[in-house]
Every structure is written in C-alpha cells, then in structure tokens.
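Okay, here's what each chain looks like letter by letter:
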Amino acid sequence: FPTEHLQLWLRADSVELIDGKVSRWYDLSPNNYVIQQTTTSSRPSVNESAINDNPAMQFNGSSTYLTGGDILDLGNSSWTWFVVGKANINQWSRPYLSKTCYGNLSNSRYSLGPSYFVFMPGPSATEYNASYSNPANIWNTLTWENNRNNLKNTFYVNNTFKSEVSFPNNNM
C-alpha cells in the first residue's frame with residue numbers, strides 16, 4: 001500500500017488499551033501521529049468484531065473522544081477524508097471527524113458526520129455545508145473531497161455521489 005502522500009491512517013487494531021478503553025490510537029502513516037485521551041472517563045472502546053470480524057472504535061456520541069492536537073496541516077492543498085462509520089438515530093448530529101485549524105487558516109472548521117459535512121474556511125467566513133439522507137444503524141463508507149483546484153467540496157456515501165458545494169477562491 002503506497003503511503004507517500006498519506007497524512008493520517010487510523011485503524012482500530014492499532015490502539016493501546018488501558019482497562020479495556022482506548023488511551024492511544026496510533027497513526028500508521030509515515031507521520032506516526034498519536035491520537036490520545038488522557039481522561040479515563042472520556043476514552044472510547046473497541047468492538048473487536050464489528051465489521052466482518054474486524055475491530056471498530058466505539059464512541060458514545062457525547063463524552064468519548066480522542067484528540068491529536070493540531071496534527072493535520074490542511075493548508076491550501078486539496079485533501080480527501082475517508083471514514084467508515086455507523087451512527088444510531090440518537091447520535092445523528094455528532095461528527096465522526098472534526099478539525100479546527102489555526103495559523104494561516106485561523107479558526108477554519110471541518111466536520112464530517114453521518115448525514116452532513118461542514119467547511120468553514122475562516123473565523124468570519126461563510127459556512128459551506130450540505131446534508132443528505134443516510135439510514136441509521138448501518139455501516140457506511142463516507143468520502144469527503146475538498147478540491148482547491150475546482151473550489152468544490154464533494155461528498156459520497158458508499159461511493160454514491162450525495163452532494164457538492166462550491167466555495168469562492170478568496171476564502172482559502
């Protein structure tokens with residue numbers, strides 16, 4: 001598997017468990033980032049056979065999470081996020097993956113949830129978002145492409161196009 005341009009790769013079998021809860025999630029990309037949770041009560045668990053006998057992280061949708069600090073420099077480059085996730089109807093508004101940027105893109109925000117994505121390229125910038133219909137309680141592969149060349153955010157569920165949102169060049 002080529003990893004030359006890979007920025008972050010998290011698998012549910014590359015974790016450190018303490019008392020059955022995930023304290024660290026190890027990045028398998030060349031960057032070797034560590035995503036962690038130091039607060040015991042906020043640690044997620046691992047379901048060892050969630051997807052075709054493969055492990056999956058299990059978050060409760062309200063108080064369990066992991067953080068890696070400001071590890072991904074999204075900058076002005078195009079990028080793609082892939083997430084395999086399942087949300088129950090009670091946690092439909094919670095993001096699977098979220099990032100707030102600092103520095104040149106101060107307070108930019110990116111969030112990917114089971115039925116939406118949000119891209120806000122600055123503290124006073126317009127929020128670009130889209131929602132789509134997606135059934136609860138089933139596993140889905142979510143793909144979010146942020147293309148800085150054609151100024152579009154494109155979203156797919158299980159490789160099926162769901163939404164596209166354009167954003168102006170001056171908000172990058």
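Above: the structure in question.
1. A look at the packing of aromatic side chains
Reasoning step 1: Evaluated as defined, the whole model comprises 1 aromatic pair.
Reasoning step 2: Aromatic pair Tyr156 and Phe161: ring centres 6.0 Å apart, planes at 75 degrees, arrangement edge-to-face.
Reasoning step 3: The exposure class assigned to Tyr156 is partly exposed, which follows from its relative accessible area of 23%.
Reasoning step 4: Look at Phe161 and you get partly exposed, because its relative accessible area is 45%.

2. Things to note about the nonpolar core
Reasoning step 1: In terms of nonpolar packing, the biggest core is built from 8 residues, these being Ala12, Val22, Trp25, Ile35, Val46, Met57, Leu66 and Ile71.
Reasoning step 2: What Val46 contacts, discounting residues up to four positions off in sequence, is Ala12, Val15, Leu17, Val22, Pro55, Ala56 and Met57.
Reasoning step 3: Counting residues in hydrophobic clusters, the runner-up holds 6 residues, among them Trp79, Leu142, Trp144 and Val157.

3. Let's talk about the sheet that holds strand β2 (residues 21-27)
Reasoning step 1: If you walk across this open sheet you meet the 3 strands as β1-β2-β3, and the pairing is antiparallel. The open sheet is flanked by β1 (10-18) and β3 (34-36), the only strands paired with a single partner. Adjacent strand axes in the sheet meet at a mean angle of 30 degrees when their direction is disregarded.

4. Remarks on the environment of Ser23
Reasoning step 1: Within the secondary structure, Ser23 sits in strand β2.
Reasoning step 2: Here Ser23 is in contact with Glu16, Ile18, Ile35, Gln36, Gln37 and Arg43, once residues within four sequence places are set aside.

5. Some details on the pairing of strand β11 (residues 140-147)
Reasoning step 1: Two elements, strand β6 (residues 79-85) and β11, share 7 bridges in a ladder whose sense is antiparallel. Bridging across to β11, Thr80 finds its partner in Glu145.
Reasoning step 2: In this structure, β11 lies alongside strand β12 (residues 152-157), joined through 6 bridges in antiparallel fashion. Directly across from Glu145, in β12, lies its bridge partner Thr154.
Reasoning step 3: The hairpin formed by β11 and β12 contains 4 residues between the paired strands, and Leu151 there has a positive phi angle of roughly 60 degrees.

6. Quick look at the environment of Leu17
Reasoning step 1: Mapped onto the elements of the fold, Leu17 is located in strand β1.
Reasoning step 2: For Leu17, a relative accessible area of 42% puts it in the partly exposed group.
Reasoning step 3: Between the alpha carbons of Leu17 and Ser45 there is a distance of 8.3 Å; along the sequence they are 28 residues apart.
Reasoning step 4: Excluding residues that lie within four positions of it along the chain, Leu17 makes contacts with Val22 and Val46.

7. Quick notes on the side chain of Thr143
Reasoning step 1: Along the chain, Thr143 turns up in strand β11.
Reasoning step 2: Residue class for Thr143 comes out buried when judged on its relative accessible area of 6%.
Reasoning step 3: Setting aside anything within four residues of it in sequence, one finds Thr143 in contact with Thr80, Trp81, Phe82, Thr154, Phe155 and Tyr156.

About the thresholds
- Residues numbered from 1 in each chain as written.
- Predicted model: local features only at pLDDT ≥ 70, side-chain atom pairs only at ≥ 80, totals over all residues.
- Heavy atoms only, no water.
- Phe/Tyr/Trp six-rings, centres within 6.5 Å; stacked < 30°, edge-to-face > 60°.
- Buried < 20%, exposed > 50% of the residue type's maximum accessible area, 1.4 Å probe, protein only.
- Core = buried A, V, L, I, M, F, W, Y, C linked by side-chain atoms within 4.5 Å.
- Contact = heavy atoms within 4.5 Å.
- Pairing = 2+ DSSP bridges.
- Helix = DSSP H or I, 4+ residues; strand = E, 2+ residues; numbered from the N terminus.
- Axes fitted to C-alpha atoms, helices over the stretch in contact; angles between N-to-C directions.

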